[in-house]
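# Commentary on secondary and tertiary structure
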Amino acid sequence: MDQQDYLDKLANLVIEFDDENITEACNDVLAAGIDPNTAILQGLAKGMQEVGVLYDQQEYGIPEVLLCADVLNMGMEILQKDIKKGEGSSLGRIVIGTVEGDIHSIGKNIVKLMLDVAGFQVIDLGEDVPSEDIISELNNGGADIVALSTMMTTSLGSMETIIKDVRAEFPDMKFLIGGASVTETAVKQFGAHGYAKNATEAVKVVRSMTS
Amino acid sequence: MYTVSPKEEIIAVLSGEDLGYFPRSIPVFTPVVDMMKIVNAYFPSANYNGQEMANLAVCSHSLAHWNATMIPWASTVEMEALGCEVINKEEDIAGYPQCKKNAFDDPFEVSIPEDILEKGSFPAVFEATRIAREQLDKEYQETIPIVSMFQGPFTIASYIVGVNKMFKYTIKDKERAAFVLDKVADLLIKYGNTMLESGGDLINMADPVAEGLMPRVFKDLVVPTYRKITESIEVKKIIHVCGRTQKIAPLLPETGFDAFSFDYPAIDVAFLKEALEGKMKLVGSVPTVTHFLEGKPQDVIDMSHWMIKSGVDLLSPSCGLPQYSPLENVKAIADAIEIWNSRKN
């Protein structure tokens, strides 16, 4: 097997959510002397990106995506042990959360996952997140983008408030917004910089916002 | 122009009869803040108090002329009674309760207590239905139908055992998934029939979480559960699933529901006309955010007319109304039907 075969196998195990063979496959990768960073990015993450495409095309549902993510995480755990600290590089730092007043998490978690595998460092503040938590995180570690999600129309006001509050402290911060109740009109009204309908689009928009 | 009452119209249309005009009942109602201010009944209280719930339910016709109403609106009624931790913010007069923590760790632990319909806000739902029935019948001479709404089995099952876990069980542990779905179906049959005994005329079951499923899982696990429910509830029944339902829609005629309330623009009318092959009626679907919340009354009217032209059998919002939608936009969908029928005749 050459390196590409090993990487393809990792990608396929993620796509097929094969939790029985992923541990052995990752150990084989390390035994073959393949760089663990390469194995993550061109094996596991590549597989997860394909999963994102299958989800967008409605070939996979949420159960499949969740199971693929489990296999991805199992693989990451093994491979990351062999990565020396500071060796991995990130395309940018994203602070993400579902806005205050809303505790829906599935969509936001899929966006987080896809940004993660695309090579961004994603800090997930969870759900029902107020302005203060975001500002505090930005004071600690900064960010290139703040990504906000809401499914409920009653939390749109909270999204607008967060953008206003964060902008008061970080005038140059860029905002990506999304979620079932968010429309292009809201993007203009709130002064956000990007809007994405789904996780794959979110990755594209974030790439263009950070390039 | 109208030959029968709105209540008779909706049942006739769902039975496949042609009225010769567009039916006036709009069967997917949730209250807006403008209504709350007028009748002085607000969330979260109105989701738990029968009288307040009834006062808001009646607004659907008294203030917006929808020729129908729907009770209840909170998606957490069943989950809360089953033991989920639900959060309400007292200061948020428009906010719906949200389910924060699941009630069971393992689906095999799920059991439905004998007295379940006495728990949580179930009694308030029955009381609201009785009061609204009495008030509507008195004021509008028994012409206005009440749609009794409950959450679907996949949505309830997901919240009571944990959404991510339930999704994974559908592939990795079907036995557990089927077990909890069956228990929930038993509850829904009991709940649905009690709502009807309290004064409901037809059923709307909303199963939003099922949108995340692919056809094989939907067919194996969810369709049999839906069938169990529909076979045990006699009246006309609508099913609502939000979002991208292209993959599961073709399976819906097997479920025993009479109509599909769909979510435009996530799914298109033309696609559904073909996928359902005339085996189910279509209910929908004026987009909630872009039209009711952000649009003007004329936008709602134009979209309503486009929906009618496209072939829906009953008009409704695409999902629950955004609570801050202006009342004039809410009224506009009913105006659209009157305009359509008057032009046609």
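## A look at the overall build of chain A
Along the backbone of chain A there are 9 helices and 5 strands. When its helices and strands are written in sequence order, chain A yields α-α-α-α-β-α-β-α-β-α-β-α-β-α. Taken against the 2.2 N^0.38 rule, which gives 17 Å for 211 residues, the C-alpha radius of gyration of chain A at 18 Å falls within 12% of a compact globule. Overall, chain A is about 55 × 35 × 25 Å in size when its C-alpha atoms are taken along their principal axes.

## Considerations on the interface of chain A and chain B
Contacts between the two partners involve 16 residues from chain A and, on the opposite side, 26 residues from chain B. Here the side of chain A that touches chain B gets 5 residues from one element, more than from any other, and that element is helix α4 (residues 62–80) of chain A. Per-class residue counts for the side of chain A that touches chain B are 7 nonpolar, 8 polar and 1 charged.

## Examining the sheet that holds strand β8 (residues 281–283) of chain B
All names here are of chain B. Reading across from one edge, β1-β4-β5-β6-β7-β8 is the order of the 6 strands in this open sheet, with parallel pairing throughout. Because the sheet does not close on itself, it has two edges, and the strands there are β1 (69–71) and β8. Strand-to-strand twist of the sheet, defined as the mean angle between neighbouring strand axes without regard to direction, takes the value 25°. Sheet strands touched by helix α8 (residues 174–197): β4 (146–151) and β5 (202–206). Its angle to β4, the strand with the most contacts, is close to 160°.

## So, the domain arrangement of chain A
Residue and element names in this part refer to chain A. You can read the domains of chain A as domain 1 (3–80) and domain 2 (93–210). With centres defined by C-alpha atoms, the gap from domain 1 to domain 2 works out at 27 Å. Put simply, the parts of the chain that give the side of domain 1 that touches domain 2 at least two residues each are α3 (36–56) and α4. Residue contributions to the side of domain 1 that touches domain 2 peak at 7 residues, all from α3. Its residues placed into classes, the side of domain 1 that touches domain 2 shows 7 nonpolar, 2 polar and 1 charged.

## Observations regarding the pairing of strand β2 (residues 121–124) of chain A
Residues and elements named next belong to chain A. Of the two faces of β2, only one is covered, namely that formed by V122 and D124; the face formed by Q121 and I123 stays uncovered. Here 4 bridges tie strand β1 (residues 93–98) to β2, and the two strands are oriented parallel to one another. Bridge pairing in β2 places V95 opposite I123. Each parallel crossover has a hand, and for β1 linked through helix α5 (residues 106–117) to β2 it is right-handed.

## A look at the nonpolar core
V14(A), C68(A) and F260(B) are the most contacted members of the largest nonpolar core, which has 187 residues in total. Take this core: its biggest share by element is 10 residues, from α4(A). Per-domain counts for this core show at least three residues from each of domain 1 (3–80) and domain 2 (93–210) of chain A. Residue contacts for F260(B): discarding those within four places in its chain leaves I239(B), A249(B), L252(B), L272(B), L276(B), M280(B), L282(B) and V283(B).

What counts, and where the lines are drawn
- Residues numbered from 1 in each chain as written.
- Chains lettered and ligands numbered in written order.
- Predicted model: local features only at pLDDT ≥ 70, side-chain atom pairs only at ≥ 80, totals over all residues.
- Helix = DSSP H or I, 4+ residues; strand = E, 2+ residues; numbered from the N terminus.
- Rg over C-alpha atoms; globule rule 2.2 N^0.38 Å.
- Contact = placed C-beta atoms within 7 Å.
- Nonpolar A, V, L, I, M, F, W, Y, C, P; charged D, E, K, R; others polar.
- Pairing = 2+ DSSP bridges.
- Axes fitted to C-alpha atoms, helices over the stretch in contact; angles between N-to-C directions.
- Domains from an automatic or database assignment.
- Buried ≥ 20, exposed ≤ 12 C-beta atoms within 10 Å, placed from the backbone.
- Right-handed = clockwise from strand over helix to strand, strands pointing away.
- Core = buried A, V, L, I, M, F, W, Y, C linked by C-beta atoms within 7 Å.

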